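# Structure assessment
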Amino acid sequence: MRNKVEIVLFIVFLSLFGLAYIIFPQREFSEMENDYLTLCPKFQWKDFIEGDFSRTFEEYTADQILGKDWLVKNQVLFRRGLGITLINGVYIGKDGYLIQDYQEPEDNFKQNLNYIREFAVRNPNVKMTMLVAPNVNQIYPELLPPFAETYSQKTVLEELEAQLSGSVQVVDVEPALEAHREEYIYYKTDHHWTSLGAYYAYAAFCEASGLTPLPIDKYDRQELPEPFYGSLYSKTPLYGQESDRVELFWNPEGIYRVSYPVAGQERDSMFVLEQADKKDKYTVFFGGNDPLVVINSNGANPEPVLIIKDSYANCLVPMLADQYREIHMIDLRYYHEDIDAYIEENKIKQVIFIHNIDFLSTDNNFLWLQS
Amino acid sequence: MLFSSTTFLFVFLPVILAVYFLCPKKGRNLVLLLGSLVFYGWEEPKYLPVMLITIFVNYILAMVCAFCRERGKENGAKAALVGTVAFSIGTLAFFKYSNFFLENFNTSIGTWTGHLVPLLELTLPLGISFYTFQTLSYTIDVYQGKVKVQKNPLNLAAYVCLFPQLIAGPIVRYQTVERELEERKESIAQFGTGVRRFVTGLGKKVLLANTAGFVFDSIIGMRDSQLSVGLYWIASIAFTFQIYFDFSGYSDMAIGLGRMFGFRFLENFNYPYIAKSITEFWRRWHISLSTWFRDYVYIPLGGNRKGKKREVFNLLLVWLLTGFWHGAAWNFILWGLYFFVLLMLERAGFKKVLERLPGWLAHIYALFFINLSWVIFSHDTMQELGLVIKRMFGAGGIPFWNSTSTYYLLSYFLVFLIMTAAATPVPRRLMLLWKRRLPKGNREKIFLAIEAAGLILVLLLSTGSLASDAYNPFLYFRF
């Protein structure tokens with residue numbers, strides 16, 4: 001009896017997952033993971049001999065497993081139940097916050113700063129400014145699980161300021177965010193700041209640059225109707241996780257023309273509302289990261305500005321567009337052309353870097369600044 | 001293909017089980033052989049010929065050996081044996097150790113004479129250390145007349161390639177499965193035992209060993225600003241758990257799979273961490289390897305029958321080889337020597353002292369030195385090993401304890417507690433005790449319900465863990 005029952009359970013379990021590969025259609029893209037999944041490879045002797053077929057096939061069976069998202073969710077629950085609070089590189093913090101781990105940057109941080117400084121030195125007639133965004137662990141260290149420690153971003157920022165002094169004017173927006181720490185300035189489930197957080201950074205940046213920020217009550221603030229479960233939730237999906245809300249700051253007086261030269265598209269708004277139905281609602285800003293976006297507006301300042309940025313900028317640049325009439329926005333992860341030439345061609349007078357500290361510490365695409 | 005992979009669990013295993021049991025008895029060894037070749041070739045098609053040639057050479061030379069024996073030609077038998085040993089050790093040395101020897105030649109004599117030999121950059125054929133030892137045991141046993149020569153090459157190949165034990169042991173000796181190769185009885189009772197054993201092993205490997213491995217990797221990968229003496233000790237304990245659950249879990253899976261197909265492999269681990277001395281530890285750890293060295297190296301060299309000096313030399317050789325067998329690097333040799341020294345000390349009289357100590361103290365002694373041995377084992381460059389040892393004993397200029405240490409200790413406290421229990425026979429005993437207290441009439445039914453639930457839970461959690469490993473959310477939008 002015991003043997004029979006257990007044998008049947010075992011065989012049914014193996015066959016269920018096995019047959020699922022045959023019965024169910026393959027998923028090409030996982031919304032939850034925001035990534036493409038491996039598909040069943042076609043058999044070729046050449047691939048097999050080199051071991052490529054086996055490797056891809058193993059990725060395929062792991063990626064396309066029946067109920068993957070459900071299994072992962074329960075795995076997180078299991079680990080959480082054991083008392084583990086750092087899962088897939090994300091801390092399960094207090095008050096429903098998921099917080100990305102941040103540790104002492106390695107050598108490529110220094111390398112990144114080198115690229116930026118060399119770039120600034122090569123373009124002496126262009127004003128260089130950098131807006132550095134701290135991450136949530138810096139503003140709210142008390143939200144980390146007890147005894148968990150992340151590396152001080154203040155130390156990193158000081159090193160950055162020292163390395164870039166004389167070539168780039170660094171705007172530290174941390175005090176501004178700190179002053180509003182009681183407000184909803186970072187998402188709980190996503191690694192970005194909220195539009196409100198971005199607004200305070202924008203205001204601080206304007207003050208440091210001698211501009212007048214648009215007062216916050218001049219905006220029409222609109223919340224997206226659907227709840228938002230961001231990238232950190234995708235990494236560490238917890239049952240009963242509090243959701244976020246994405247807010248759009250509309251300037252009723254703003255007029256925009258937004259063009260995407262690489263894709264050959266043009267829009268009249270920086271908010272791409274179709275994205276509000278997708279899982280990753282943060283892509284409502286500009287439709288996600290694009291290699292190059294050019295924004296023309298009725299802003300006051302006519303000098304063309306180049307913004308080199310990561311995704312933290314996506315919800316902040318719409319506000320800057322009310323200051324500058326012509327903004328060119330480049331994402332070095334996807335734009336690999338000569339930047340010096342671009343500056344010359346478009347008569348750029350000012351470059352603004354907008355990056356979060358984690359990105360500056362870990363990304364390796366600043367090498368594209370080299371001439 | 002690892003047992004703990006979705007491809008093995010949900011594609012290979014159901015298919016081979018179905019084909020095997022649908023096939024009439026006569027063809028089952030062939031099914032196993034072909035299945036095992038697919039299993040092996042899946043990972044390393046390039047190195048399939050190396051294994052097949054090894055089998056072929058051993059098959060022929062064992063035949064020669066037996067043939068000469070029958071005719072009373074001692075020298076011929078001996079020559080065949082020497083040929084086999086030379087071939088096997090030569091193959092192993094070439095694939096596993098040639099780079100090690102070349103590197104050391106280059107850094108010593110090479111730098112001195114200014115003549116450097118280019119390295120061979122060979123990848124190690126999967127499981128070569130295991131199958132070489134298995135084929136060796138077969139031919140040596142034939143020579144010594146302990147087993148009959150296997151005339152059917154398919155049966156010999158099926159034995160060597162047998163996928164349950166092919167890539168990570170246990171080292172199954174031919175004599176263990178000699179009879180089962182010719183005639184074995186698969187049964188529901190055996191299969192059921194096999195299922196329980198396999199699932200236990202899967203859980204040990206995927207849920208325990210991988211978690212412990214994660215702790216070890218996280219700490220070893222930390223930046224200096226995060227590290228502390230305490231964290232290094234936590235890492236070493238994590239590795240101690242990882243290697244045991246990984247290896248014994250794999251052996252459990254192998255033994256369980258063997259059972260499903262009607263084979264009874266010998267036990268490979270017997271709760272090694274409950275040992276109260278290093279001598280006892282080695283009677284409980286990787287039994288198939290230590291008995292192999294005992295029977296095929298130590299005893300043939302004379303064991304303890306040729307005087308004290310010779311005995312010490314024999315032991316030294318066995319432990320050097322044991323260390324070197326684990327990998328072609330100095331730290332493994334050091335690891336073998338480390339055990340040689342400890343075992344000699346225990347033999348020289350320290351064991352008597354240990355026996356008089358309270359049990360828990362002897363236990364702490366054994367665990368401390370076992371744990372330290374895994375530190376030597378887990379860092380395969382001498383610089384790294386030196387640094388880690390220095391830091392573990394407070395001479396590395398890092399704080400003794402920090403907040404991150406407390407964080408890791410708290411986070412994994414329950415996990416470590418579960419692992420500690422799982423490394424002892426206590427859970428099994430508690431379960432049996434508890435079973436006896438169930439109401440008599442329904443005892444078997446209730447027990448079955450709970451055991452079956454546990455089985456499914458371990459399978460689900462393990463599958464979940466494998467799915468999580470393949471689960472890589474992308475932080476940024478992908479082009």
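Everything quoted here is computed from the prediction, not taken from an experiment.

### Some thoughts on the overall build of chain B
Looking only at helices and strands, chain B has 20 helices and zero strands in total. The C-alpha radius of gyration computed for chain B amounts to 24 Å, which stays within 12% of the reference 23 Å derived for 479 residues, consistent with globular compactness. Taken over the C-alpha atoms alone, chain B extends approximately 75 × 75 × 65 Å along its principal axes. Counting only residues that meet the buried cut, chain B has 40% of its 479 residues in that class. By sequence separation, contacts in chain B at least 24 residues apart represent 72% of the contacts at least 6 residues apart.

### With respect to the overall build of chain A
Within chain A, the regular secondary structure consists of 13 helices and 15 strands. Here the C-alpha coordinates of chain A stretch approximately 80 × 50 × 40 Å along the principal axes. Here chain A holds 371 residues, and the buried ones make up 42% of them. Across chain A, contacts joining residues at least 24 apart in sequence account for 71% of those joining residues at least 6 apart.

### Section: the interface of chain A and chain B
Taken together, the 54 residues of chain A in the interface contact 54 residues of chain B. Among the elements of the structure, helix H1 (2–23), helix H2 (45–50), helix H3 (52–63), helix H4 (68–82) and helix H10 (231–235) of chain A are those that each provide at least two residues to the side of chain A that touches chain B. Among the elements that make up the side of chain A that touches chain B, the one with the highest residue count is H1(A) (13 residues). Broken down by class, the residue content of the side of chain A that touches chain B amounts to 23 nonpolar, 19 polar and twelve charged.

### Thoughts on the sheet that holds strand E5 (residues 98–100) of chain A
Residue and element names in this part refer to chain A. As summarised here, the arrangement of the three strands in space is E3-E4-E5, forming an open sheet in which the pairing is antiparallel. Pairing within the sheet leaves two strands with one partner each, and these edge strands are strand E3 (86–87) and E5. Examined bridge by bridge, strand E4 (residues 90–92) and E5 share three bridges and lie antiparallel to one another. Within E5, the residue paired with Val90 across the bridge is Gln100.

### Description of the pairing of strand E15 (residues 350–356) of chain A
Residue and element names in this part refer to chain A. With six of seven residues buried, E15 is to be regarded as a mostly interior element. Alignment of strand E6 (residues 127–133) against E15, held across seven bridges, turns out to be parallel. From the neighbouring strand, Met128 faces E15, where its bridge partner is Val351. Judged from the five bridges that link them, strand E13 (residues 305–309) and E15 form a sheet pairing that is parallel. Bridged to Lys309 within E15 is Ile354.

### Here we look at helix H12 (residues 287–298) of chain B
Every buried residue belonging to H12(B) is among Ser288(B), Leu289(B), Trp292(B) and Tyr298(B), and all of these are buried. Contacts from the buried residues of H12(B) go to helix H5 (128–143) and helix H13 (308–326) of chain B.

### Thoughts on the environment of Gly203(B)
Residue and element names in this part refer to chain B. Position of Gly203 among the secondary structure elements: in helix H9 (residues 188–220). Distance from Gly203 to Thr463, taken between C-alpha atoms, is 9.8 Å for residues 260 residues apart in sequence. Beyond its immediate chain neighbours, meaning those up to four positions away, Gly203 contacts Val458 and Ser462.

### Observations concerning the environment of Gly359(B)
Relative to the helices and strands, Gly359(B) resides in helix H15 (residues 359–378). With 285 residues separating them in the primary sequence, Gly359(B) and Glu74(B) have C-alpha atoms 52 Å apart.

### Points about the domain arrangement of chain B
Residues and elements named next belong to chain B. Along its sequence, chain B is carved into domain 1 (22–184), domain 2 (191–417) and domain 3 (426–466). Using C-alpha coordinates to define each centre, domain 2 is positioned 29 Å away from domain 3. Each partner contributes residues to the interface: domain 2 has six residues there, and domain 3 has seven residues. Here the residues of the side of domain 2 that touches domain 3 are counted per class, giving four nonpolar, two polar and no charged.

### With respect to the nonpolar core
Core analysis: the biggest nonpolar cluster contains 213 residues, and Leu131(A), Ala201(A), Ile307(A), Leu316(A) and Cys65(B) have the highest contact counts within it. Among the elements that make up this core, the one with the highest residue count is helix H10 (residues 229–260) of chain B (17 residues). Non-local contacts of Ile307(A), meaning those with residues more than four positions away in its chain, are made with Ala313(A), Val317(A), Ile327(A), His328(A), Met329(A), Ile352(A) and Ile354(A).

### Brief notes about helix H5 (residues 107–122) of chain A
Think of an α-helix as turning once every 3.6 residues; residues three or four places apart then point the same way. Residue and element names in this part refer to chain A. The terminal C-alpha atoms of H5, which comprises 16 residues, lie 23 Å apart, in line with the 22 Å expected from a rise of 1.5 Å per residue. Along H5, the residues that are buried comprise Phe109, Asn112, Leu113, Ile116, Phe119 and Ala120. Taken end-on, H5 shows its buried residues confined to a sector of 120°, consistent with a single buried face. In this structure, H5 carries Asp107 and Val121 as exposed residues pointing more than 90 degrees from its buried face.

### Re the confidence of the model for chain A
Per-residue pLDDT for chain A has a mean of 94; in total, 100% of the residues score no lower than 70. When mean pLDDT is taken per element in chain A, E13(A) scores highest with 97 and strand E2 (residues 35–36) of chain A scores lowest with 84.

### Overview of the sheet that holds strand E12 (residues 292–297) of chain A
Across a sheet, strands are paired by hydrogen bonds formed along the backbone, either parallel or antiparallel in direction. Residues and elements named next belong to chain A. The eight strands are arranged E7-E6-E15-E13-E14-E12-E10-E11 in an open sheet whose pairing can be described as mixed. Two strands bound the open sheet, and with one partner strand each, they are strand E7 (169–172) and strand E11 (265–267). Here the average twist between neighbouring strands, direction ignored, is 20°. Pairing of strand E10 (residues 256–260) with E12 involves four bridges; the strand directions are antiparallel. Residue pairing across strands places Arg257 opposite Asn296, the latter belonging to E12. The sheet strands contacting helix H7 (residues 153–164) are E6 and E7, and the helix crosses E7 at an angle near 160°.

### Focus on the domain arrangement of chain A
The assigned domain composition of chain A is domain 1 (1–66) and domain 2 (95–369). The distance between the C-alpha centroids of domain 1 of chain A and domain 2 of chain A comes to 39 Å.

### Some points on the pairing of E12(A)
Consecutive side chains along a regular strand alternate between the two faces of the sheet. All names here are of chain A. Of the two faces of E12, the one lined by Val293, Ile295 and Ser297 is fully buried and the one lined by Leu292, Val294 and Asn296 carries no buried residue. Two elements, E12 and strand E14 (residues 326–330), share five bridges in a ladder whose sense is antiparallel. By the bridge assignment for E14, Val294 is matched with His328.

### Observations regarding the confidence of the model for chain B
The predicted model of chain B averages 90 in pLDDT, with 98% of residues at 70 or higher. Here the complex is predicted with pTM 0.91, and the ipTM for its interfaces comes to 0.90.

### Re unusual backbone geometry
Notably, Lys347(A) is not glycine yet its phi reads approximately 50°, a positive angle. Tracing the backbone through its elements, the reader meets Lys347(A) in the loop between helix H12 (339–345) and E15. Taking the number of C-beta atoms within 10 Å as the measure of exposure, Lys347(A) has 9 and is therefore exposed. Unusually for a residue other than glycine, Tyr271(B) sits at a positive phi of about 45°. Position of Tyr271(B) among the secondary structure elements: in the loop between H10 and helix H11 (278–284).

### Points about the packing of H5(A) against H7(A)
All names here are of chain A. The contact between H5 and H7 brings their axes to 10 Å, and the two run at 30°. At the point where H5 passes H7, the crossing takes the right-handed sense. On H7, the residues that touch Leu113, Ile116 and Arg117 of H5 are Leu160, Gln163 and Leu164. Its residues placed into classes, the contact of H5 with H7 shows four nonpolar, one polar and one charged.

Quick notes on the rules
- Residues numbered from 1 in each chain as written.
- Chains lettered and ligands numbered in written order.
- Predicted model: local features only at pLDDT ≥ 70, side-chain atom pairs only at ≥ 80, totals over all residues.
- Helix = DSSP H or I, 4+ residues; strand = E, 2+ residues; numbered from the N terminus.
- Rg over C-alpha atoms; globule rule 2.2 N^0.38 Å.
- Buried ≥ 20, exposed ≤ 12 C-beta atoms within 10 Å, placed from the backbone.
- Contact = placed C-beta atoms within 7 Å.
- Nonpolar A, V, L, I, M, F, W, Y, C, P; charged D, E, K, R; others polar.
- Pairing = 2+ DSSP bridges.
- Domains from an automatic or database assignment.
- Core = buried A, V, L, I, M, F, W, Y, C linked by C-beta atoms within 7 Å.
- Expected span 1.5 Å × (residues − 1).
- Arc of directions from axis to C-beta.
- pLDDT = per-residue confidence, 0-100.
- Axes fitted to C-alpha atoms, helices over the stretch in contact; angles between N-to-C directions.
- Left-handed = near helix turned anticlockwise from the far one by under 90°.

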